[in-house]
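# Architecture and fold: a report
One letter stands for each residue in the lines below.
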Amino acid sequence: MNSLRHGKSRRNEANLGAEREHFDKQQLSSISKAINSTEVPVKEKHARRIILGTHREKGAYTFWSYALGFPLASSSILSWKFCHVLHKVLRDGHRNVLQDCMRHHSSLVEIGKLWNNLHDKYGQLVVLYTKLLCTKMEFHVKHSEIPPNLEATDELLERTAGSDINNVFQLTVEVFDYLDAELRLAETVIRQLNTSIAISTLTSGQCRLSPLIQVVQDSSQLYHFTVKLLFKLHACLPADTLQGHRDRFHDQFHSLKTFFNKARDMMYFKRLIQIPKLPDSPPNFLHAASLAKHVKPVVVIPDEYEQQEDDDDEPEPLIEVSDVSTSSIQAQPPQLDIFDKAFGPANGGFDDRDLQIESLKQDLELLRAELEKVKAEAQRYITQLKSQINSLEAELEEQRAQKQRAFVENEQLRMELEATRRRNAEHESTQAVFIEAENRAQATEQRYNKLKEKHTELVSSHAELLRKSADTVKMLSATQQTQDEVERTKQQLSFEVERIKQEADMKLEEQKFEMEKLKRDLEEKMAEVMRIKGTLQNSEKTSEQMNSSVSALQAEKERLMRSVSEKEAELSSLRQVAQVQQSSLQQERERNSRELVDLQGKVQEKTNLGEQLNQKLLEEQFALLQGTVTEAENIIQDAVAKLDDPLHIRCTSSPDYLISRAEAALGSVDKVKKGHADYLSNMGDAGSLLRALTQFSHLTADTIINGSATAHMAPTDHADKLTENCRGCATQSLQFFKDLKSKTTLQKADPASIRVIIQKILNLGQELRPKGMDIRQDELGDLVDKEMAATSAAIEEAVRRIDEMMDQARKDTSGIKLEVNERILNSCTDLMKAIRMLIISSTDLQKEIVESGRGAASMKEFYARNSRWTEGLISAAKAVGWGATEMVESADKVVLHTGKYEELIVCSHEIAASTAQLVAASKVKAERSSKRLSVLQQASRHVNEMAANVVASTRTGQEHLEDKETMDFSGMSVIKLRKEEMESQVKLLELESQLGNERLRLGELRKKHYELAGIPSEQVPEGNGETTLLDHPVPMSPKPSKPALFKKPALSQKPNIPPKTTFK
């Protein structure tokens, strides 16, 4: 029976060992396949096996034992995938995983610090991911009630926050920090994805995007926690105290919404996760009722898509990036120079300098291609060496694992030996107890014999007492007989009898007392005898049990002795096997060390070659920088030379165009500063600095030329300041280029002084802008709608007042006056109706223009982008509304005979001019084939007809009502006629003089009007001002399709026409 039990236990131990070994192999395989340096996403089935392993062993000991052996410092992709797997394990693993991971918190911090000091795209992501994981572990260790997967109910969140408002406040801040870490990682991944060639369908892009699934799950729960906690804080604290919390939440809300929208549009996430939609605006925490409108965002993970491919197969990329990039580069047409795009090729072709630039660009492309080939070859060699090193490290790790398993087996055997020794010690202690029990049994038996002897003595003493009692009875009978004799001799011996009687009574009492004492002693002895008999029986039973236990212990001792001998034999054999494995491992180590030395030699050679190539690259990059700086100096010097060119004096430019050029130049200064910093940090790549310098030189030269052209139209003080700042800008730019050309002054080169001067030019341009353009651009869209609505309201009000005047005229007048008033008021009413139709048509056309031209921008952004056109619409709408109001006032005065008919005629002309201005402002951006444009033009013609009717009816009424006196000069003499003629001539000259003065005044008023409207002085009509606004409408937009002059500008003049792509 013992042998069967022994065999069964051995089989169980063997099965457990085999299962443990199989589990270790499976975990090692899954971890090595999930965490490697290949740029592919982690497969779900490998991560699932690792997570199931944590549930099986109730912790992450095995995961960390293998993960710590990975060379995380050698590969950023390896570190990135390690962080991804650790994130999954923390979320879905066993609850003890958090405690196991906290033991390695410092290791994660060290990994983040290591990659923070290296310039690598994946390294930047690893830094953010390690910070996120550390924040996650610290948060859940502090708040252990909330699980790491954040699947917590609102009741659990309430219990965690508690009733203390300070704890709620602190918990809210910690949740904010948690969500910030999630969003920083997501934003960095998406930003890198947008700036690289990787897309969501490539393995390189999927490798970056796959951890964002866990980020989406975490951030949706954290957003819900934040909303709940903020509503609870607002219920207990004043709103001013929580202003910072609300601002931080709004920033996080917009960032999270942007991240969800971008991720939802990516093809990679469509089959893996359903991302929730956030509301259009954040919750209003100032109203407690908004909590009922809050909907918890729910992330849905559909059924996993199982791929039918072998685990060891390397995934093939969907697109051959190298071929595509090469073919795209070869097929890409030559890019036009930025200066040529803006100015056009000089004289219709290239000069020698352009040919030199093109040849230098081609040489640069060839050098870049050769450099890319060298880099690719070096990278291939490095990758091969790294793969060999990784394979050697994997073999070394396998040997270490075998050694670890052998060590574990030795430890198990040692523990079994210790257990056997403990069992032997227990057996010896049991045997000692048995001997002690035998000694106790012997002592008990001796005590029993003594008690038996004592019992015999008690029985003999009891018999003696019985004999004494019989003697006493006999003595009593003898005493009674003596008493009879005494009675017979009583009289003689009375005194003697009494004495003897007293003595007999005393002796009787003593004997009774002694009898009772003996009875009690006898009862006690009998009870003791019974107790001793029971003890003796128990001792006999105990002795039998001890005998059986001793026999069983003796058999167990024999079995244990046999087991110890077998274990010692197995231990000796295992020691021999361990020695053999140790010797083979030592030989393998020596062989690996020799191969490692050889590989290190090869790596050193490759490193030296790479250093030589790097030095050559640095020299080539600096040479390219010098060539670019020289060309930039030539561009600036050419721009400065044009300042003194006599042909340039005729060139003019508007302050608005100067402002746009100056703003672009300021942006290029920032790019140059950033490119300079990037070049100082990595002198092997001067691409960004070269591009920034090229753009900066062209934009700065453009600013200098246009600043000088603007100075030709500016007042003297502003012109002098503008010219001086343009020259200063050129001087500072040349000084900056001079610093860039020398390696000694390259470090201290700073474009800050250039930025200051360009800012001064920008300020001068803003001072020179027309004064009517001080409306903020973000208010233009609202102002357009307000002005159009105000104009419509003014027209409606004018119609209503004309109707009232019609009713009043019918009551107060009659005859010809009533007929004239009705005709005038009816024509005014028809004009107002025509204007109302014109406003409706203009509004419809305006909406069509905005919808077709704004693209993805909002209506307000479209109005702000086309500010000049918008200001034209506002000015035209104001003019129409003002003209309608003035016409009603003039008509009222004419009907009441307090005004002049000429006022009504002038108002009609003014309304016609204003509507023409509105039509021109609407037409300038409309498509020629637009139906609404034709409707607007028809409405404009109708307005002109109605305005002509008003003028005709007014003049007709004036002729009917004015009394013309008959000129009768028959009674005058010659002298009298001469005198009247002279007076008439004097009056005519006075009227002509007044007419000339009024025309001059009208001309000055129109010039001021044009100046406020933003029209250059060249376009102001010269003469006596007889032309109306219909002849020279105010242009409302800088649309280049109808310039004022069609003559080609001189070569030194910058065209004042923006690109056609600016307006649609």
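Definitions and cut-offs
- All residue numbers here refer to positions counted from 1 along the written sequence of the relevant chain.
- For this predicted model, a pLDDT threshold of at least 70 governs which residues receive local features, and a threshold of 80 or more governs which side-chain atom pairs are given and counted, while totals over whole chains, interfaces and linings are taken from all residues.
- By convention in this description, side-chain values take in all heavy atoms of the structure and omit both hydrogens and water.
- A run of DSSP states H or I qualifies as a helix once it reaches four residues; a run of E qualifies as a strand once it reaches two. Both are numbered from the N-terminal end.
- Each residue's exposure class comes from its accessible area (1.4 Å probe, protein chains only) as a fraction of the maximum for that residue type: buried when under 20%, exposed when over 50%, partly exposed otherwise.
- The criterion used for residue contact is that any of the two residues' heavy atoms lie within 4.5 Å.
- Note that accessible areas follow from Shrake-Rupley with a 1.4 Å probe, and for residues the cover is restricted to the protein chains shown.
- Here pLDDT means the predictor's own confidence in every residue, given as a number from 0 to 100.
- A fitted line through C-alpha atoms represents every axis, and for helices the fit uses only the stretch in contact; the resulting angles, taken between N-to-C directions, go from 0 to 180 degrees.
- Angle categories: roughly parallel below 35 degrees, roughly antiparallel above 145, roughly perpendicular from 65 to 115, and oblique for all the rest.
- The hand of a helix crossing depends on one turn: near helix anticlockwise from the far one by less than a right angle means left-handed, and clockwise means right-handed.
- Exposure above 30% relative accessible area and no salt bridge define the residues that can form patches, which grow by joining like charges within 9 Å and nonpolar side chains of Val, Leu, Ile, Met, Phe, Trp and Tyr within 5 Å.
- Here a salt bridge means any side-chain nitrogen of Lys or Arg lying within 4 Å of a carboxyl oxygen belonging to Asp or Glu.
- Charge assignment in this entry is limited to Lys and Arg as positive and Asp and Glu as negative, and neither His nor the chain termini are counted.
- Charge positions are represented by NZ for Lys, CZ for Arg, CG for Asp and CD for Glu.
- In this analysis, the expected span of each helix is defined as 1.5 Å times one less than the number of residues it contains.
- Arc, as used here, means the arc of the directions from the helix axis to the C-beta atoms.
- Count a disulfide wherever a pair of cysteine sulfur atoms falls within 2.5 Å.
- By nonpolar core we mean a set of buried residues, namely Ala, Val, Leu, Ile, Met, Phe, Trp, Tyr and Cys, connected to one another through side-chain atoms within 4.5 Å.

### Points about the overall build of the chain
Across its full length, the chain carries 28 helices and zero strands. Here the chain, with 1064 residues, has 35% of them falling under the buried criterion. Considering only contacts in the chain between residues 6 or more positions apart, those separated by 24 or more positions represent 79%. Summed over its atoms, the accessible surface of the chain is roughly 64,000 Å², and 53% of this surface lies on carbon and sulfur atoms.

### Let's talk about the confidence of the model for the chain
Considering every residue of the chain, the mean pLDDT works out to 77; 81% of them sit at 70 or more. Looking over the chain, one finds the lowest element-wise mean pLDDT in helix 14 (residues 321-331), namely 35, and the highest in helix 12 (residues 243-264), namely 92. Throughout residues 305-350 the model reports pLDDT below 50, and contacts reaching past four residues in sequence, or to other chains, amount to 32 contacts. Contacts of residues 1016-1064 to residues separated by more than four positions or lying in other chains number 76 contacts, the stretch itself having pLDDT below 50.

### As for unusual backbone geometry
Note: most peptide bonds trans; most residues except glycine with negative phi. The phi angle at K58 is positive, at roughly 60°, despite the residue not being glycine. For K58, the location among the structural elements is in the loop between helix 2 (44-57) and helix 3 (61-67). According to the relative accessible area criterion, K58 is exposed, its value standing at 53%. One non-glycine residue, L150, lies in the positive phi region at around 65°. Within the secondary structure, L150 is located in the loop between helix 7 (121-142) and helix 8 (154-161). Owing to a relative accessible area of 0%, L150 belongs among the buried residues under this scheme.

### A short note on the packing of helix 4 (residues 76-92) against helix 7
For the pair helix 4 and helix 7, the least separation of the axes is 9 Å and the interaxial angle reads 25°. Considering the angle they form, helix 4 stands roughly parallel to helix 7. For the pair helix 4 and helix 7, the crossing hand works out as left-handed. Contacts between helix 4 and helix 7 involve S76, I77, S79, W80, C83, H84, L86, H87, L90 and R91 from the former and Y122, G123, L125, V126, Y129, T130, L132, L133, K136 and M137 from the latter.

### Digging into a negative patch on the surface
A grouping of D505, E509, E510 and E514 is seen on the molecular surface, where their side chains present a negatively charged patch. Considering the arrangement of structural elements, one finds D505 in helix 17 (residues 490-643).

### With respect to the environment of I31
Mapped onto the secondary structure, I31 falls in helix 1 (residues 2-34). A relative accessible area of 0% places I31 in the buried class. Once the C-alpha coordinates of I31 and A67 are considered, the two residues, 36 residues apart in sequence, prove to be 7.7 Å apart. Residues within four places of I31 in sequence aside, it is in contact with I50, F63, Y66 and F70.

### Re helix 6 (residues 105-116)
Its 12 residues give helix 6 an end-to-end C-alpha distance of 17 Å, which sits within 8% of 16 Å, the value for a rise of 1.5 Å per residue. Here helix 6 has its buried residues at H105, L108, I111, G112 and W115. Seen end-on, helix 6 carries its buried residues on one side only, within an arc spanning 125°.

### Section: the state of the cysteines
Under the criterion given, the structure shown has zero disulfides. In this structure C134 is not part of a disulfide, and its nearest cysteine sulfur, from C83, lies 8.9 Å away.

### Overview of the nonpolar core
Soluble, globular proteins show a tendency: their nonpolar side chains are buried together. One finds F63, F82, F259 and F269 to be the most contacted residues of the largest nonpolar core, which totals 88 residues. At 13 residues, helix 9 (residues 165-195) tops the list of elements feeding residues into this core. Those residues in contact with F269 that lie beyond four places of it in its chain are L209, L212, I213, A263 and I275. Grouped together as the second largest cluster of nonpolar side chains are 49 residues, A798, L825, M832 and Y901 included.

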